[in-house]
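Secondary and tertiary structure notes
One-letter residues, chain by chain:
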Amino acid sequence: MKFFNKMERKFGRYAISNLTKYIIITYIIGYALYYMSATVPILSYLTLEPGLILKGQVWRIISWVLVPPGSPNLFTIVMLLCYYQLGTVLEQTWGRFRYNVYIFFGILMTIVGAFILYVIMGGVIGFGGAFSTYYVSLSIFLGFALTYPNRQLMLYFVIPIKIKYLAILDLVYLAYSMYRGGWATRVVIICSLMNVIVFFLMTRKSPKEIHRKRDFQKAMAKGQASNISTHKCAICGRTEKDDPNLEFRFCSKCKGNYEYCQDHLFTHEHIR
């Protein structure tokens, strides 16, 4: 996290604002090409085919993001509007730089997954169509569900349901698909969603903690929290003002938002 924060301070100004809008634009272009492909096989020249990339068709490293995950219909339009709203909220919550890295890391790992699958399949060409921005968009939904698990969505515009339950259904379906599918399916799913795994496991920062930190930074920028400490240990009461080298974490096993310093994170009694 220290390395990531340093990178944000150094390169944060280069992050793309309103990135979700551009993701939606790639969908629109992709579906336009989908209709054009009825007579001319345009999309076949855009897929992520490592074998063809190694033969010189290097544009496929980028052009695959234009390949739509399915045929356009009313459900697709509704989902794109939903992804736009969720992605916009995530960018505002996490910050522009973190959201950019989240999305582009998912794209990068999708490319890596394609080359891994190419090696596993012995250099066979023809699996490029399995790679699209579907899982990148799904990672937006999962990221939102981890950040705001109790937010409600109107299923079919009528049934209110918490987003965490929809995310659980998605994960169950993905696990079932990996179980029933072959190596191609497993590589596509795991690599395409690697950004979710890295951001919420390797960083050891919960989405709620990221959200709280982002809100505090906004308050500090407005001069509304000049005398407020960012972190405070629920056991010893120390803050980062007492020792700037102290690390603090929220305990996921305690009922409520209880934060502990590094000396008491693993030694405290969990609050039920």
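Quick note: structure is the one above.
An account of the accompanying structure is given in this report. Every value quoted in this text rests on a predicted model; they were computed, and no experiment measured them. (Residues numbered from 1 in each chain as written. Predicted model: local features only at pLDDT ≥ 70, side-chain atom pairs only at ≥ 80, totals over all residues. Heavy atoms only, no water.)

1. Description of the overall build of the protein chain
Per the secondary structure count, the protein chain includes 11 helices and 4 strands. Looking at the protein chain as a whole, 42% of its 272 residues are labelled buried. When contacts within the protein chain are restricted to residue pairs at least 6 apart in sequence, long-range pairs at least 24 apart make up 62% of them. (Helix = DSSP H or I, 4+ residues; strand = E, 2+ residues; numbered from the N terminus. Buried < 20%, exposed > 50% of the residue type's maximum accessible area, 1.4 Å probe, protein only. Contact = heavy atoms within 4.5 Å.)

2. Here we look at the packing of aromatic side chains
In total, this model carries 7 aromatic pairs according to the counting rule given. Centroid distance Trp 94 to Tyr 102: 5.0 Å. Interplanar angle 80 degrees. Geometry classified as edge-to-face. Overall, the relative accessible area of 0% leaves Tyr 102 in the buried class. The structure contains a cluster of three or more aromatic residues connected by ring pairs, namely Trp 94, Tyr 99 and Tyr 102. (Phe/Tyr/Trp six-rings, centres within 6.5 Å; stacked < 30°, edge-to-face > 60°.)

3. Details of the side chain of Ser 63
Of note, Ser 63 is situated in helix α4 (residues 60-63). A polar side-chain atom of Ser 63 sits 3.0 Å from the main-chain carbonyl oxygen of Leu 46. With sequence-adjacent residues up to four places away left out, Ser 63 is seen in contact with Tyr 45 and Leu 46. (Polar contact = N/O pair within 3.5 Å; in protein donor to acceptor, adjacent residues only side chain to side chain.)

4. Some details on helix α7 (residues 134-147)
Spanning 14 residues, α7 covers 20 Å between terminal C-alpha atoms, matching the ideal 20 Å at 1.5 Å per step. Within α7, 12 of the 14 residues are buried, which leaves it mostly tucked inside the rest of the structure. Every buried residue of α7 is listed here: Tyr 135, Val 136, Ser 137, Leu 138, Ser 139, Ile 140, Phe 141, Leu 142, Gly 143, Phe 144, Ala 145 and Thr 147. (Expected span 1.5 Å × (residues − 1).)

5. Here's the deal with the nonpolar core
Grouped together as the largest cluster of nonpolar side chains are 49 residues, with contacts concentrated most on Ile 103 and Phe 141. Residue assignment for this core shows that the elements contributing at least two residues are α2 (19-36), α5 (74-94), α6 (96-120), α7, α8 (163-180), α9 (183-192) and α10 (194-202). Leu 246, Phe 248, Cys 254 and Tyr 260 belong to the second largest nonpolar core, which has 8 residues in total. (Core = buried A, V, L, I, M, F, W, Y, C linked by side-chain atoms within 4.5 Å.)

6. Describing the side chain of Glu 259
The topology assignment puts Glu 259 in strand β4 (residues 259-261). Once residues lying within four places of it in the same chain are set aside, the contact partners of Glu 259 are Thr 230, His 231, Lys 232, Cys 233, Ala 234, Phe 248, Arg 249 and Phe 250.

7. Description of unusual backbone geometry
Even without being glycine, Asn 18 reaches a positive phi, approximately 55 degrees. By the element assignment, Asn 18 lies in the loop between α1 (2-11) and α2.

8. Comments concerning the environment of Asn 150
Tracing the backbone through its elements, the reader meets Asn 150 in the loop between α7 and β1 (152-155). By relative accessible area, Asn 150 is classed as partly exposed at 43%. Along the backbone, Asn 150 and Ile 163 are 13 residues apart, and their C-alpha atoms lie at a distance of 6.3 Å. Those residues in contact with Asn 150, other than ones at most four positions away along the chain, are Lys 162 and Lys 164. A polar side-chain atom of Asn 150 sits 3.1 Å from a polar atom in the side chain of Lys 164.

9. A few points about the packing of α7 against α8
Between α7 and α8, whose axes approach to 9 Å, the crossing angle comes to 140 degrees. Overall, the two elements α7 and α8 adopt an arrangement that is oblique. In this structure, α7 crosses over α8, and the sense of that crossing is left-handed. Every residue of α8 that contacts α7 at Tyr 135, Leu 138, Phe 141, Leu 142, Phe 144 and Ala 145 is listed here: Ile 163, Leu 166, Ala 167, Asp 170, Leu 171 and Leu 174. Looking at the contact of α7 with α8, its residues break down into 11 nonpolar, no polar and 1 charged. (Axes fitted to C-alpha atoms, helices over the stretch in contact; angles between N-to-C directions. Parallel < 35°, antiparallel > 145°, perpendicular 65-115°, else oblique. Left-handed = near helix turned anticlockwise from the far one by under 90°. Nonpolar A, V, L, I, M, F, W, Y, C, P; charged D, E, K, R; others polar.)

10. What about the state of the cysteines?
Simply put, the disulfide is a covalent bond whose two ends are the sulfur atoms of two cysteines. Inspection of the entire model under this criterion finds 0 disulfides. Cys 236 takes part in no disulfide bond, and the closest cysteine sulfur, belonging to Cys 233, lies 3.6 Å away. (Disulfide = S-S within 2.5 Å.)

11. Section: the packing of α2 against α6
Two numbers describe how α2 lies on α6: the axes approach to 10 Å, and their chain directions differ by 30 degrees. Taken together, the axes of α2 and α6 are roughly parallel relative to one another. Contact with α2, carried on its side by Leu 19, Thr 20 and Ile 23, involves Tyr 99, Asn 100, Ile 103 and Phe 104 of α6 and no other residues of that element. When grouped by side-chain class, the residues that make up the contact of α2 with α6 number 5 nonpolar, 2 polar and no charged.

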